[in-house]
Every structure is written in C-alpha cells, then in structure tokens.
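Take a look at the letters that make up each chain.
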Amino acid sequence: MKYLFMLTLFVLLFNFHAAQAAESKIDITDLHFVKSVEGQLYIEGLVKNLTAHPLRQVYVAFNLLKNGMVVGYSTDIVFDLQPRQAWQIHTRCRTRIFKPDHFRLAELSVIP
C-alpha cells in the first residue's frame, strides 16, 4: 500500500513539474475570436518561444463554450519554433450545431 502511494505521488509530482516547465517555455497572448469573410469562426492569438533553443512542437487545444457548456473544439500545432520566435495561432472553430460565445485553453503541450 505504501509503495502504491509513493508511486502515485511520484507520478503526480512529475506531471505537475512537466506542466510548469511547459508554461515557462512559451507565452500565449492576444487570444480572441475572428470571423472570416465567409462567416467561419476562428481563434487567433500569439505564441512565443521564450527559450534559447528551438521547440520541436507546440500544440494547443481549446474547448469552445456556449453558456459554459462545451460545444466544440479547436486545435493548432507548430513544429520547429525557433528561439524568441512568435507563431500566429489561426485555428478553425469546429462545432456541429451551437455557435460558441467563448473558449478556454484545454491543453498545452510543448516538446523541446
């Protein structure tokens, strides 16, 4: 039982440390909705590599919300983001029926 507790604690601490490391490697700013000429909804924003080395991959995922309920998703990915380089997020909002009124960052993944 003690072994299982220690193993669980180790896994939780490792995951928490990895999440903190990912957050300190990039900066996400200016996230907002944009509507195209055709009427399609997109999320735009800016991601900047704050490290002194290239990042092999940066992945972002957003939950699209309508009155607090998840009604869709949107994802974007960039490869080989150079040091101090910025990346413009421009990702299509994918919903079936409801149009979202706001969004929330659901996942952020950085592979150095």
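Residues numbered from 1 in each chain as written. Predicted model: local features only at pLDDT ≥ 70, side-chain atom pairs only at ≥ 80, totals over all residues. Heavy atoms only, no water.

Peer 1: Looking at this structure, how should I read the overall build of the protein?
Peer 2: The number of helices and strands found in the protein is one helix and seven strands. The helix and strand sequence of the protein, counted from the amino end, reads α-β-β-β-β-β-β-β. For the protein, the proportion of contacts with a sequence separation of at least 24, taken over those separated by at least 6, is 64%. When the accessible surface of the protein is summed, it comes to about 7,700 Å², and 60% of that surface belongs to carbon and sulfur atoms. (Helix = DSSP H or I, 4+ residues; strand = E, 2+ residues; numbered from the N terminus. Contact = heavy atoms within 4.5 Å. Areas by Shrake-Rupley, 256 points an atom, 1.4 Å probe, with all protein chains shown as cover.)

Peer 1: For this particular structure, what's the right way to read the sheet that holds strand β5 (residues 86-92)?
Peer 2: Paired through their backbone hydrogen bonds, the strands of a sheet run either parallel or antiparallel. Here three strands make up an open sheet; going across it, the order is β1-β2-β5 and the pairing antiparallel. The sheet terminates laterally at β1 (26-35) and β5, the two strands that pair on one side only. The sheet shows a mean angle of 20° between the axes of neighbouring strands, direction not considered. Relative to β5, strand β2 (residues 41-49) runs antiparallel, the two sharing seven bridges. Across the sheet, residue I43 finds its bridge partner in β5, namely T91. (Pairing = 2+ DSSP bridges. Axes fitted to C-alpha atoms, helices over the stretch in contact; angles between N-to-C directions.)

Peer 1: Teacher, can you tell me more about the pairing of strand β4 (residues 69-81) here?
Peer 2: Looking down a regular strand, the side chains alternate between one sheet face and the other. Sheet analysis places strand β3 (residues 55-66) next to β4, joined by 11 bridges and oriented antiparallel. Considered in β4, the bridge of F62 is made with S74. In sequence, β3 turns back onto β4 through a hairpin of two residues, with N67 there showing a positive phi of about 55°.

Spatial relationships are all this shows, so hold off on functional conclusions.
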